[in-house]
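# Summary of the model geometry
Spelled out from the first residue to the last, the chains are:
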Amino acid sequence: MRYIVTLFWSFILGQVVGYIGGALTKGTYDFTLTTIISLIAGILVILIGAVAVPRKEASTHS
């Protein structure tokens, strides 16, 4: 469920950033390109979160 929520919010926030960025630079807003880039960013966040989880190590002190 958390992966779906992460992808959903990366989609929404990516669209907002793409729209505002296009308006500020007087460029065009491309929905398809913005969707692809925002979902790739969301997948990267999920992968980084999976790799960066600290693992519990066995304590050597008894």
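What this report covers is the structure whose coordinates are included nearby. (Residues numbered from 1 in each chain as written. Predicted model: local features only at pLDDT ≥ 70, side-chain atom pairs only at ≥ 80, totals over all residues. Heavy atoms only, no water.)

## Observations concerning the overall build of the protein
To keep things clear, this is the line we draw: Numbered from the N terminus, helices here are DSSP runs of H or I no shorter than four residues, and strands are runs of E no shorter than two. Only C-alpha atoms enter the radius of gyration, while the globule expectation follows 2.2 Å times N to the 0.38, with N the number of residues. Every accessible area reported is derived by Shrake-Rupley at a probe size of 1.4 Å, with residue values counting cover from the shown protein chains alone.
The helix and strand inventory of the protein stands at two helices and zero strands. Rg of the C-alpha trace for the protein: 18 Å, well past the compact-globule value of 11 Å for 62 residues, more than 25% over. Dimensions of the protein along its principal axes, counting C-alpha atoms only, are 65 × 25 × 15 Å. Split by element, the accessible area of the protein, about 5,400 Å² in all, is 74% carbon and sulfur.

## Here's the deal with the side chain of Ser10
Short version of the rule: Pairs of N or O atoms within 3.5 Å make up the polar contacts considered here, provided that, within protein, one atom can donate a hydrogen while the other can accept it, and that residues adjacent in sequence are counted only when both atoms are side-chain atoms. In what follows, residue pairs with any heavy atoms lying within 4.5 Å of each other are defined as contacts.
Within the fold, Ser10 resides in helix H1 (residues 2-24). A polar side-chain atom of Ser10 sits 2.9 Å from the main-chain carbonyl oxygen of Leu7. Contact partners of Ser10, with chain neighbours within four places excluded, come to Ser38, Leu39 and Gly42.

## Some thoughts on H1
The line we're drawing: By this rule the span expected of a helix is its residue count minus one, scaled by 1.5 Å. Accessible area is worked out with a 1.4 Å probe on protein chains only. A residue is then buried under 20% of its type maximum, exposed over 50%, and partly exposed in between.
Between its first and last C-alpha, H1 extends 32 Å over 23 residues, near the 33 Å set by a 1.5 Å rise per residue. Along H1, the residues classified as buried are Ser10, Gly14, Gln15 and Gly22. Considering only its buried residues, H1 is in contact with helix H2 (31-51). Two residues or fewer after H1 comes Lys26, characterised by a positive phi angle close to 60°.

Worth remembering: the numbers are spatial, not functional.
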